[in-house]
Amino acid sequence: DTSTISIWIANSSENNVKKVSAADGSLIGTYTTGSNAYGLTYDSSTASIWIANSGENNITKLSAADGSEAAGSPYNVGTNPQSAAFDSSTNSIWVANYGSANVSKLSAVDGSLIGTYSTVAAPRQIVFDPITNYIWIPSLGDVATILSATDGSYIGRVNHHDQPEGAVYDPVNKAVWISSCTTYG
């Protein structure tokens, strides 16, 4: 969160997020979310934090400045949302819905649903690549679906290791990194 130089942490067991100082790690605040707050993303277009509430099939939007909840929040998405990504090319929020094997695209301004798009398998993570304007969606199994951020059209798929636990865009190397919890000998 560059607006307040802080780090946000989803706490699924307590249904909240914590905001801590990036300088010294001190707790700035704790903010209530929906059930099983799982993944989150920072939205630079509205200076907001979006939190996927896996237990309630919705996503909460909080002000990064003071943690207040946006009007109309939380917003409904698919079943069992696991993570979220901010798409700066369209000022939208993408949500990986593990239980419904799809992704939701919402307006970052008002949370309205723009579209729902199928994935190859149950998505665990979601990442926006600003160079290609692609959405990368690592899923259980060994595949990541790639969609166009513009219209959600299917671009392709790539193989990766089973059980993705994290994914991130690397702007220095212009690459998407996907971590796995599976050990190979």
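As a reminder, the structure under discussion sits directly above these lines.
The paragraphs below set out a description of the structure included in this document. (Residues numbered from 1 in each chain as written. Predicted model: local features only at pLDDT ≥ 70, side-chain atom pairs only at ≥ 80, totals over all residues. Heavy atoms only, no water.)

Quick look at the overall build of the protein now. Within the protein one finds zero helices and 17 strands. Over its C-alpha trace the protein gives a radius of gyration of 15 Å, about what one expects of a compact globule, namely 16 Å for 185 residues. In terms of principal-axis extent, the alpha carbons of the protein reach across some 40 × 40 × 30 Å. Here the protein, with 185 residues, has 48% of them falling under the buried criterion. (Helix = DSSP H or I, 4+ residues; strand = E, 2+ residues; numbered from the N terminus. Rg over C-alpha atoms; globule rule 2.2 N^0.38 Å. Buried < 20%, exposed > 50% of the residue type's maximum accessible area, 1.4 Å probe, protein only.)

Here we come to the sheet that holds strand 15 (residues 154-159). The strand order across the open sheet built from four strands is 12-13-14-15, with neighbouring strands paired in antiparallel fashion. Pairing within the sheet leaves two strands with one partner each, and these edge strands are strand 12 (127-129) and strand 15. Pairwise comparison of adjacent strand axes, ignoring direction, gives a mean angle of 25 degrees for this sheet. Note that strand 12 and strand 13 (residues 134-138) share three bridges and pair antiparallel. Residue V127 lies in a different strand from strand 13, and its bridge partner there is W136. (Pairing = 2+ DSSP bridges. Axes fitted to C-alpha atoms, helices over the stretch in contact; angles between N-to-C directions.)

With eleven residues, the main nonpolar core is built from A85, W94, A96, V103, Y117, I126, F128, I135, I137, L147 and A149. Listed by contribution, the elements that provide at least two residues to this core are strand 9 (92-97) and strand 13. Formed by ten residues, the second largest nonpolar core is a distinct cluster that contains Y75, F86, V95 and L106. (Core = buried A, V, L, I, M, F, W, Y, C linked by side-chain atoms within 4.5 Å.)

Once that is clear, we can look at the environment of R157. Residue position: R157 is located in strand 15. Apart from the residues lying within four places of it in its own chain, the contact partners of R157 are V120, V143 and A144. (Contact = heavy atoms within 4.5 Å.)

Across the sheet, four strands lie side by side as 4-5-6-7; this open sheet has antiparallel pairing. Because the sheet does not close on itself, it has two edges, and the strands there are strand 4 (37-43) and strand 7 (75-76).

Okay, the pairing of strand 10 (residues 102-107) next. The buried fraction of strand 10 is high, at six of six residues. Burial along strand 10 is two-sided: N102, S104 and L106 and V103, K105 and S107, pointing in opposite directions, are all buried. Summarising the sheet, strand 9 and strand 10 pair through six bridges and their orientation is antiparallel. Along strand 10, the bridge assignment pairs W94 with K105. The turn joining strand 9 and strand 10, which pair antiparallel and follow one another in sequence, is formed by four residues; a positive phi near 50 degrees is taken by A101. In textbook terms, the turn of a hairpin is the stretch between consecutive antiparallel strands, and for strand 10 and strand 11 (residues 113-118) this stretch comprises five residues, one of which, G111, has a positive phi near 75 degrees.

This part takes up the packing of aromatic side chains. The geometry of an aromatic ring pair is captured by two quantities: the separation of the ring centres and the angle between the planes. Counting across every chain of the model gives three aromatic pairs. On the numbers, 5.5 Å between centres and 35 degrees between planes, the contact of W94 with Y117 is tilted. Remark: Y117 occurs in strand 11 and W94 occurs in strand 9; sequence separation between them is 23 residues. When sorted by exposure, W94 lands in the same class as Y117, which is buried. (Phe/Tyr/Trp six-rings, centres within 6.5 Å; stacked < 30°, edge-to-face > 60°.)

With that settled, consider the pairing of strand 13. Within a regular strand, the side chains alternate between the two sheet faces. In terms of burial, strand 13 is largely enclosed, as four of its five residues are buried. The antiparallel pairing of strand 12 with strand 13 creates a hairpin that spans four residues between the two strands, and N133 there sits at a positive phi of about 60 degrees. Pairing of strand 13 with strand 14 (residues 143-148), which is carried by five bridges, proceeds in the antiparallel orientation. Note that in strand 14 the partner of W136 across the bridge is I146. With antiparallel pairing between neighbouring strands as the criterion, strand 13 and strand 14 make up a hairpin whose turn holds four residues, including G141 at a positive phi of roughly 100 degrees.

So yeah, pure geometry; function would need other evidence.
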